[in-house]
Amino acid sequence: MNNITSARSKTIATWLLIIVFMVVGQAVIGAVTRLTESGLSITYWEPVRGAVYPSNDADWNAEFLAYQSSPQYKQINAGMELSEFKTIFFWEWFHRNWARLIGLIYAIPLLFFWLKNCIPSGYKKKLIGLLALGAAQGVMGWFMVASGLVDNPAVSHYRLGAHLLLAVIIAVIALKWAVQLLNKTYDIPKSLRAHGRATWIMVFITITYGAFVAGLDAGMIYNEFPNMGAGLFPSEGMSMKPWWINVSENHATVQFIHRWLGVTAGVMALAFAVRGIKHQGWTAPFIAVLIMSIIQPLLGITTLLTNVHLHVAATHQLGAFILILSLTWALSPQLRT
């Protein structure tokens, strides 16, 4: 690789890393939006006009009037003052506009790199594909919100899960490509790589169930650990018929599955980190996995014990992204052998 090609690859990699950090930031903003029940405060989706923040009383009254026709206002927030509405409106507006900003910071440089022929070989179609995935994420965001604007003032936890997992996938892909463009290579045993991939999948599934817990407000019950009531498994854990519905729709069962997936993922990540450090030494990706394999399960338990405290729960979602991105970082370099 000559110096010009190397410099271009580093530039593209830096740009992709910026996107990764912005997507992670968006996940935290999304967590706050969800935890403050702000996600249904804007009842329409207008990609251009919707970017403008209300600037006068007439604008605010129009927004508030639209919200007053929504199921959330009628069934939960009837009598809410305009000042209270402004708070929840801000978080949803901020969440949407941060997404718009990510789109601009991705699309504009991509066009520039394309016109200047700076994109490394083999990455043009990949980068266009990631742009399309980002656009799909915006559509999924509205698809999720729309599910809570009809009769029941709660978004579908399945759509919430899809929305969160798309964010994870976008961040993971961008990070993987960035690491590869930086030409970070090392030898790693096949067994260790298989261990890392299995751990990555386990963390991904755990995040999926974390989204289900959030969407169902399942973290608001059984705020204790390790028991759920009289024992490890909740008494109503199989109360829904047919039985298999409990796995994804029973609040208690969903929380049970998420908490033990989290513990299992933590143990797997810890073991992977220890093995990686023995093989590679104290390198940054394995140190990151080691730290997060301990911190993330503790954050999950603390979220339960604090009755889903806003700051703790948002940090827990941040931790999930850091853990899966650390695993991606450790697994991304190409093998020499």
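In case you missed it, the structure is sitting above this.
Residues numbered from 1 in each chain as written. Predicted model: local features only at pLDDT ≥ 70, side-chain atom pairs only at ≥ 80, totals over all residues. Heavy atoms only, no water.

This next bit is on the overall build of the protein chain. Helix and strand content of the protein chain: eleven helices and zero strands. The order of α-helices and β-strands along the protein chain, N terminus first, is α-α-α-α-α-α-α-α-α-α-α. Its C-alpha radius of gyration of 22 Å places the protein chain within 12% of the 20 Å reference for a compact globule of 337 residues. Oriented by its inertia axes, the alpha-carbon framework of the protein chain measures out at about 65 × 55 × 35 Å. Expressed as a percentage of the 337 residues in the protein chain, the buried residues total 46%. Considering only contacts within the protein chain whose residues lie at least 6 apart along the sequence, 76% involve residues at least 24 apart. As presented, the protein chain carries roughly 16,600 Å² of accessible surface, and 68% of it is formed by carbon and sulfur atoms. (Helix = DSSP H or I, 4+ residues; strand = E, 2+ residues; numbered from the N terminus. Rg over C-alpha atoms; globule rule 2.2 N^0.38 Å. Buried < 20%, exposed > 50% of the residue type's maximum accessible area, 1.4 Å probe, protein only. Contact = heavy atoms within 4.5 Å. Areas by Shrake-Rupley, 256 points an atom, 1.4 Å probe, with all protein chains shown as cover.)

The subject of this paragraph is empty space enclosed by the protein. Unoccupied space between atoms shows up once a probe the size of one water molecule is rolled over them. Under the defined criterion, the tally for this structure stands at one cavity of 30 Å³ or more. As for the largest cavity, its lining consists of Ile42, Tyr44, Gly50, Phe89, Trp93, Arg96, Asn97 and Arg100. For the lining of the largest cavity, the class distribution of residues is four nonpolar, two polar and two charged. (1 Å grid on protein atoms, 1.4 Å probe; cavity = no way out; pocket = protein on both sides within 12 Å on 5 of 7 lines; lining within 4 Å. Points joined across faces, edges and corners; volume = space filled by probe spheres on them. Nonpolar A, V, L, I, M, F, W, Y, C, P; charged D, E, K, R; others polar.)

Another aspect to go through is the nonpolar core. Counting 63 residues, the largest nonpolar core has Trp15, Leu16 and Leu127 as the members making the most contacts within it. Looking at this core, the element that brings in the most residues is helix 6 (residues 157-181), giving 13 residues. Apart from residues lying up to four places away in sequence, Leu127 is in contact with Trp15, Leu16, Tyr106, Leu110, Ile119 and Trp177. In this structure, Ile42, Tyr67, Tyr73 and Trp93 belong to the second largest nonpolar core, which totals eleven residues. (Core = buried A, V, L, I, M, F, W, Y, C linked by side-chain atoms within 4.5 Å.)

With that settled, consider the environment of Ala178. Looking at the secondary structure, you find Ala178 in helix 6. For Ala178, a relative accessible area of 0% translates into the label buried. Residues Ala178 and Val48, spaced 130 residues apart in sequence, show a C-alpha to C-alpha distance of 30 Å. With sequence-adjacent residues up to four places away left out, Ala178 is seen in contact with Ala13, Leu16 and Leu17.

The subject of this paragraph is the packing of aromatic side chains. Tallying each qualifying case throughout the model produces 25 aromatic pairs. Seen in terms of ring centroids, Phe90 and Trp91 are 5.3 Å apart; in terms of plane orientation they differ by 70 degrees. Their pairing is edge-to-face. For the cation-ring pair, Lys124 lies above Trp114, with the distance from its terminal atom to the ring centre recorded as 5.0 Å. The ring centre of Tyr123 lies 4.6 Å from the NZ or CZ of Lys126, which sits over that ring. (Phe/Tyr/Trp six-rings, centres within 6.5 Å; stacked < 30°, edge-to-face > 60°. Lys NZ or Arg CZ within 6 Å of the ring centre and 35° of its normal.)

Another point: the pattern of salt bridges. Inspection of every chain in the model, using the stated rule, returns two salt bridges. Its salt-bridge partner being Asp217, residue Arg34 comes within 3.3 Å of it at the nearest N-O pair. Of this pair, Arg34 sits in helix 1 (residues 3-35) while Asp217 sits in the loop between helix 7 (190-216) and helix 8 (246-249); the two residues are 183 residues apart in sequence, bridging distant segments of the chain. In this structure Arg34 comes out as partly exposed when scored by relative accessible area, which is 25%. Between Arg96 and Glu92 there is a salt bridge whose closest N-O contact spans 2.8 Å. Highlighted residues: Arg96 and Glu92, both in helix 4 (residues 82-115), separated by four residues, approximately one helical turn. (Salt bridge = Lys/Arg side-chain N within 4 Å of Asp/Glu carboxyl O.)

As far as function goes, none of this settles anything; it's purely spatial.
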